[in-house]
Amino acid sequence: GQQVKQSSPSLTVQEGGILILNCDYENDMFDYFAWYKKYPDNSPTLLISVRSNVDKREDGRFTVFLNKSGKHFSLHITASQPEDTAVYLCAAGSNTGYQNFYFGKGTSLTVIP
Amino acid sequence: EAGVTQSPRYAVLQEGQAVSFWCDPISGHDTLYWYQQPRDQGPQLLVYFRDEAVIDNSQLPSDRFSAVRPKGTNSTLKIQSAKQGDTATYLCASSSGTDFSNERLFFGHGTKLSVL
């Protein structure tokens, strides 16, 4: 089965708005959670990540919230900008000796100027 | 520092043909991943290596797909008899497995495969 699931295939927001991207995972052994950003015809690049020993990490306009008991994490983007338009991929994995990462199918975000 | 290099960038095949994809990871990265990314979907893990050893290939269709990393550096992913359903971008990624505080994956540009 799919290890990591993103509930929304696409989202649209007005410039300046706040948005939340959601991700659910299956394996409660996962201890590393990340969001990758992908522009068309480019490879995914890491946006922000968090380890399981914290429930929140903030980096500028981007914040990851982790809910381990609910096997859920989310990405909050504030003051959205047109350059945020991209596909956002959540990923989760286990760092127990060997690293493996599983990605969600992605959420296509459009920020309207 | 050079990034992850993949070749070819594009491949177009007829069903039943074979194709190989090549990946050169970042120097010193001991973990290498192959992902399949169908259009409009996220990357799906096919196989990953730690050095030359296969750690997880449970998602690799073993009847037609194979992957090797004989010296723990470069890797080759091969499709023996391609099907239309294999149409996707094949991404290679690497990471440094020795530093558990650094779990960033570095992706190559990918090989875009079309099977007609």
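Quick note: structure is the one above.
## A short note on the overall build of chain B
Within chain B, the regular secondary structure consists of zero helices and eleven strands. Counting from the amino terminus, chain B carries its helices and strands in the arrangement β-β-β-β-β-β-β-β-β-β-β. Seen through its C-alpha atoms, chain B measures out along the principal axes to roughly 40 × 25 × 20 Å. In chain B, which comprises 116 residues, the proportion classed as buried is 49%. Put simply, of all contacts in chain B between residues at least 6 apart along the chain, 54% involve residues at least 24 apart. For chain B, the exposed area adds up to about 5600 Å²; of that, 45% sits on carbon and sulfur atoms. Seen as two clouds, the 10 positive and the 12 negative side-chain charges of chain B have centres 7 Å apart.

## Some thoughts on the state of the cysteines
For the structure on display, the rule yields two disulfides over all chains. The side chain of C23 of chain A participates in a disulfide bridge whose partner is C90 of chain A; the two sulfur atoms lie 1.9 Å from each other. What sets the handedness of the C23 of chain A and C90 of chain A disulfide is the S-S torsion sign, and at about 65° it is right-handed. Residue C23 of chain A is found in strand β3 (residues 19-25), and its partner C90 of chain A is found in strand β9 (residues 86-94); the two are separated by 67 residues along the sequence. Look at C90 of chain A and you get buried, because its relative accessible area is 0%. Shown here is the disulfide that connects C23 of chain B with C92 of chain B, its sulfur atoms set 1.9 Å apart. When the S-S torsion is -70°, as for the bridge of C23 of chain B with C92 of chain B, the disulfide is left-handed. Remark: C92 of chain B occurs in strand β9 (residues 88-95) and C23 of chain B occurs in strand β3 (residues 19-24); sequence separation between them is 69 residues. Of the two residues examined, C23 of chain B and C92 of chain B, each falls in the buried class.

## Details of the environment of D40 of chain B
Within the secondary structure, D40 of chain B sits in the loop between β4 (31-37) and β5 (44-50). With 48 residues separating them in the primary sequence, D40 of chain B and A88 of chain B have C-alpha atoms 9.7 Å apart.

Conventions we followed
- Residues numbered from 1 in each chain as written.
- Chains lettered and ligands numbered in written order.
- Predicted model: local features only at pLDDT ≥ 70, side-chain atom pairs only at ≥ 80, totals over all residues.
- Heavy atoms only, no water.
- Helix = DSSP H or I, 4+ residues; strand = E, 2+ residues; numbered from the N terminus.
- Buried < 20%, exposed > 50% of the residue type's maximum accessible area, 1.4 Å probe, protein only.
- Contact = heavy atoms within 4.5 Å.
- Areas by Shrake-Rupley, 256 points an atom, 1.4 Å probe, with all protein chains shown as cover.
- Lys, Arg positive; Asp, Glu negative; His and termini not counted.
- Charge placed at Lys NZ, Arg CZ, Asp CG, Glu CD.
- Disulfide = S-S within 2.5 Å.

From the geometry alone we can't say anything about function, so treat these as descriptive.
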